[in-house]
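# What the coordinates show
Residues per chain, in single letters:
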Amino acid sequence: MTEQQTPAVDTALAYHRAWTAGDLDAALAQVADDVVCHAPPGTLTGTDALRGFMGPFAGSLTSSTLLAAFGDEDQVLIMYDTANPAVPSAPGAELYRVRDGRIAEIRIVFDRLPFALARGDVVQA
């Protein structure tokens, strides 16, 4: 794994490590109350909306591997792979904007194909 250390990277990693361990309270302690999260299903605003989105997925994880973390004073990019009982590998990346030591904005990108295959929505060729 590649990891770069700055205060913003430390904040992003604390958030990531907490939610992947299923500790949403600790994760949300790293997030601004008015956080904006751009996720595949749409834009979410506020910690309650973020909890509602991340909670079910975080609660289903059987493993998570951090692949890389890079950033500067106010922006961090991480890449990771997760697994749950239905999906053995679900890679994702998150871009964080950090303001005053807390995450103010999150942009989440993840591979939706493993989930579509697990649901039977598509058939792998």
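Residues numbered from 1 in each chain as written. Predicted model: local features only at pLDDT ≥ 70, side-chain atom pairs only at ≥ 80, totals over all residues. Heavy atoms only, no water.

### Focus: helix α1 (residues 7-20)
Since the α-helix turns once every 3.6 residues, residues separated by three or four places project in the same direction. Condition: The way it works is that DSSP assigns letters per residue, a run of H or I at least four long becomes a helix, a run of E at least two long becomes a strand, and they are numbered from the N terminus. Here the expected length of a helix is defined as 1.5 Å per residue gap, with one fewer gap than residues. Relative accessibility thresholds used throughout: buried, under 20% of the residue-type maximum; exposed, over 50%; partly exposed, between the two (1.4 Å probe, protein chains only).
For α1, with 14 residues, the first-to-last C-alpha span of 20 Å sits near the 20 Å given by 1.5 Å per residue. Regarding α1, the residues found buried are Ala-8, Val-9, Thr-11, Ala-12, Leu-13, Tyr-15, His-16, Ala-18, Trp-19 and Thr-20.

### Quick notes on the packing of aromatic side chains
Put simply, the test is: Within 6.5 Å between ring centres, the rings of Phe, Tyr and Trp (the latter by its six-membered ring) count as paired, and their orientation is classed by plane angle as stacked under 30 degrees, edge-to-face over 60, tilted in between.
Under the defined criterion, the tally for this structure stands at three aromatic pairs. With a centroid separation of 5.7 Å and an interplanar angle of 75°, the aromatic rings of Tyr-15 and Tyr-96 are classed as edge-to-face. Of the two residues, Tyr-15 is situated in helix α1 and Tyr-96 in strand β6 (residues 90-99); the sequence distance between them amounts to 81 residues. Residue Tyr-15 is classed as buried on the basis of its relative accessible area of 1%. Consider the rings of Trp-19 and Tyr-80, whose centres lie 5.8 Å apart with planes at 80°: the pair is edge-to-face. Taken together, the positions of Trp-19 in helix α1 and Tyr-80 in strand β5 (residues 75-83) put the pair 61 residues apart, joining distant regions of the chain. Clustering of aromatic rings is evident, with ring pairs tying together Trp-19, Phe-57 and Tyr-80.

### Considerations on the environment of Thr-6
As a reminder, the rule being used: Throughout, a contact is declared for two residues whenever any of their heavy atoms are within 4.5 Å. Whenever two N or O atoms come within 3.5 Å, that pair is a polar contact, provided that in protein one can donate a hydrogen and the other can accept it, and provided that, for residues adjacent in sequence, both atoms are side-chain atoms.
Here Thr-6 shows up in the loop between β1 (2-3) and α1. Note on Thr-6: relative accessible area 14%, which makes it buried. C-alpha separation for the pair Thr-6 and His-16, spaced 10 residues apart in sequence, amounts to 15 Å. Setting aside its immediate chain neighbours within four residues, Thr-6 contacts Gly-71 and Asp-72. Reaching out from Thr-6, the side chain makes a polar contact with the backbone oxygen of Asp-72 at a distance of 3.1 Å.

### Things to note about the confidence of the model for the protein
To be explicit about the condition: Confidence of the predictor at the level of single residues is given by pLDDT, which spans 0 to 100.
Here the protein shows a mean pLDDT of 93. Residues at 70 or above account for 97%. Element-level mean pLDDT values for the protein span from 57 in β1 up to 98 in strand β2 (residues 31-39).

### Side note on the nonpolar core
Just so we agree on the cut-off: In this description, a nonpolar core means a group of buried Ala, Val, Leu, Ile, Met, Phe, Trp, Tyr and Cys residues linked to one another through side-chain atoms lying within 4.5 Å.
Counting residues in each nonpolar core, the largest one holds 28 residues, and the members touching the most others are Tyr-15, Trp-19, Leu-50, Ile-78, Tyr-96 and Ile-106. Every element with two or more residues in this core is listed here: α1, α2 (24-28), β2, α3 (47-60), β4 (63-71), β5, β6 and β7 (102-110). Of all the elements, α1 adds the most residues to this core, at seven residues. Beyond its immediate chain neighbours, meaning those up to four positions away, Trp-19 contacts Leu-24, Ala-27, Met-54, Phe-57, Ala-58, Leu-61, Tyr-80, Glu-94 and Tyr-96.

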